[in-house]
Amino acid sequence: GAVVSQHPSRVICKSGTSVKIECRSLDFQATTMFWYRQFPKKSLMLMATSNEGSKATYEQGVEKDKFLINHASLTLSTLTVTSAHPEDSSFYICSASSWDYQETQYFGPGTRLLVL
Amino acid sequence: GDSVTQMEGPVTLSEEAFLTINCTYTATGYPSLFWYVQYPGEGLQLLLKATKADDKGSNKGFEATYRKETTSFHLEKGSVQVSDSAVYFCALISSGSARQLTFGSGTQLTVLP
């Protein structure tokens, strides 16, 4: 149990376009989802926390107008990178947790974004 | 604020060697402690966890004991395999943190045959 999927696994886009990444909890209801960004050989940086049905809480320094997060249901959250630029190229990872699993976060496999 | 300090890598071992990856933490209250593993090109997988002092988390031959007196949660395995090669992250969730994980910097482990 506790499987989280992400789609797509890899995406290449042109500078200036927008990219949407989906995060789904497949076998549990995710009351909270988290979005992270990971740079090569670095740890994960929390970007935002989203609770189902409410606005996401962004970490300091993360532009909420650039990284749009929607958590419309208990099994789906989306991250949209708007007007992407090469510096947005990174590995984006989501995680999900529920009251049943208490504090444990289950991570998706990640999405590799390359902006040309 | 909360923080996690891991031993710097990379760590290179021969197959069947003993592994220790040190992890210490600073947190308010009584945090829950975790070890996550990331295989190349993949997301993180929960390896083990401990939620209170003196608890021992274990999984796939890995163990870590929650030591409140030394604020540590060192990861150990008695005999590593090539398939254990990955990056290991120590992390915590402290009380009142809205279930946000604080990660260490990660330790790259390479096991040679």
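Right above here is the structure, for reference.
These figures come from a predicted structure and were not determined experimentally. Residues take numbers from 1 onward in each chain, read along the sequence in its written order. Chains and ligands are labelled sequentially in the order written, the chains with letters from A and the ligands with numbers from 1. Only residues with pLDDT of at least 70 are given local features in this predicted model, and only at 80 or more are side-chain atom pairs given and counted; all residues enter the totals for whole chains, interfaces and linings. Side-chain descriptors were evaluated using all non-hydrogen atoms of the structure, hydrogens and water having been removed beforehand.

Q: Quick question: what am I supposed to make of the overall build of chain A here?
A: Secondary structure elements follow DSSP: runs of H or I of four or more residues count as helices, runs of E of two or more count as strands, with numbering from the N terminus. A count of helical and extended segments in chain A gives 0 helices and 11 strands. In chain A, the succession of helices and strands from N to C terminus is β-β-β-β-β-β-β-β-β-β-β. On C-alpha atoms alone, chain A measures out to a radius of gyration of 13 Å, which is about the 13 Å that the 2.2 N^0.38 rule sets for 116 residues. For chain A, the spread of C-alpha atoms along the three principal axes comes to 40 × 25 × 20 Å. We call a residue buried when its accessible area falls under 20% of the maximum for its residue type, exposed when it is over 50%, and partly exposed in between, using a 1.4 Å probe and counting protein chains only. Across the 116 residues of chain A, 50% fall into the buried class. The contact rule is simple, with two residues in contact once any of their heavy atoms fall within 4.5 Å. In chain A, 55% of the contacts between residues at least 6 apart in sequence involve partners at least 24 apart. Where accessible areas are quoted, they stem from the Shrake-Rupley method and a 1.4 Å probe; at the residue level, only the protein chains shown are allowed to cover. On chain A, roughly 5800 Å² of surface is accessible, and the fraction owed to carbon and sulfur atoms is 52%. Working convention for charge: Lys and Arg count positive, Asp and Glu count negative, and His plus the chain ends are omitted. Where a charge lies is defined by one atom per residue type: Lys uses NZ, Arg uses CZ, Asp uses CG and Glu uses CD. The positive charge centre, built from 11 side chains, and the negative charge centre, built from 10, are 10 Å apart in chain A. With C-alpha atoms as the basis for the radius of gyration, the globule rule is written as 2.2 Å multiplied by the number of residues raised to the power 0.38.

Q: What is the right way to read the packing of aromatic side chains from this model?
A: How two aromatic rings sit relative to each other is given by the distance of their centres and the angle of their planes. Pairing of aromatic rings covers Phe, Tyr and Trp, the last through its six-membered ring, and needs centres within 6.5 Å; plane angles under 30 degrees mean stacked, over 60 mean edge-to-face, and all others mean tilted. Following the criterion strictly, the structure yields 11 aromatic pairs over all chains and no others. Aromatic side chains Phe-107 of chain A and Tyr-36 of chain B sit 5.0 Å apart centroid to centroid with 75° between the ring planes, which places their arrangement in the edge-to-face category. Of this pair, Phe-107 of chain A sits in strand S10 (residues 106-107) while Tyr-36 of chain B sits in strand S5 (residues 32-38), on two different chains. Given the relative accessible area of 0%, Tyr-36 of chain B is considered buried.

Q: Got a minute to help me understand the sheet that holds strand S7 (residues 67-73) of chain A in this structure?
A: Strand pairing in a sheet relies on backbone hydrogen bonds, with the paired strands running either antiparallel or parallel. All names here are of chain A. Taken in spatial order, the 4 strands of this open sheet run S1-S3-S8-S7, and their pairing is antiparallel. The sheet is open, and its two edges are formed by strand S1 (4-7) and S7, each paired on a single side. Averaged over all pairs of adjacent strands, the angle between their axes in this sheet comes to 15°, without regard to strand direction. Where S1 meets strand S3 (residues 19-25), 4 bridges bridge the pair, whose relative direction is antiparallel. Across the sheet, residue Ser-5 finds its bridge partner in S3, namely Arg-24. For two strands to pair, DSSP has to find at least two bridges joining them. Here, axes are lines fitted to C-alpha atoms. For helices the fit covers the stretch in contact, and angles between N-to-C directions go from 0 to 180 degrees.

Q: Got a minute to help me understand the environment of Ser-94 of chain B in this structure?
A: Residues and elements named next belong to chain B. With respect to the secondary-structure elements, Ser-94 resides in the loop between strand S10 (86-93) and strand S11 (102-103). Residues Ser-94 and Lys-56 lie 38 residues apart in sequence; the distance between their C-alpha atoms is 18 Å. In protein, a polar contact requires one atom able to donate a hydrogen and another able to accept it; more generally it is a pair of N or O atoms within 3.5 Å, and residues adjacent in sequence count only if both atoms are side-chain atoms. In this structure the side chain of Ser-94 is engaged in a polar contact, spanning 2.4 Å, whose partner is the side chain of Asp-2.

Q: What should I look at first to understand the state of the cysteines in this one?
A: Covalent bonding between the sulfur atoms of two cysteines is what defines a disulfide. Cysteine sulfur pairs qualify as disulfides if the two atoms are within 2.5 Å. What the rule picks out here adds up to 2 disulfides over all chains. Between the sulfur of Cys-23 of chain B and that of Cys-90 of chain B lies a disulfide, 1.9 Å long from S to S. Measuring the twist about the S-S bond at about -70°, one finds the Cys-23 of chain B-Cys-90 of chain B disulfide to be left-handed. Separated by 67 residues along the polypeptide, Cys-23 of chain B in strand S4 (residues 23-26) and Cys-90 of chain B in strand S10 bring together distant segments of the chain. As far as the burial class goes, Cys-23 of chain B and Cys-90 of chain B line up, both buried. Between Cys-13 of chain A, a cysteine without a disulfide, and Cys-94 of chain A, which holds the nearest cysteine sulfur, the sulfur-to-sulfur distance is 18 Å. Classification of Cys-13 of chain A by relative accessible area gives buried; the value is 10%.

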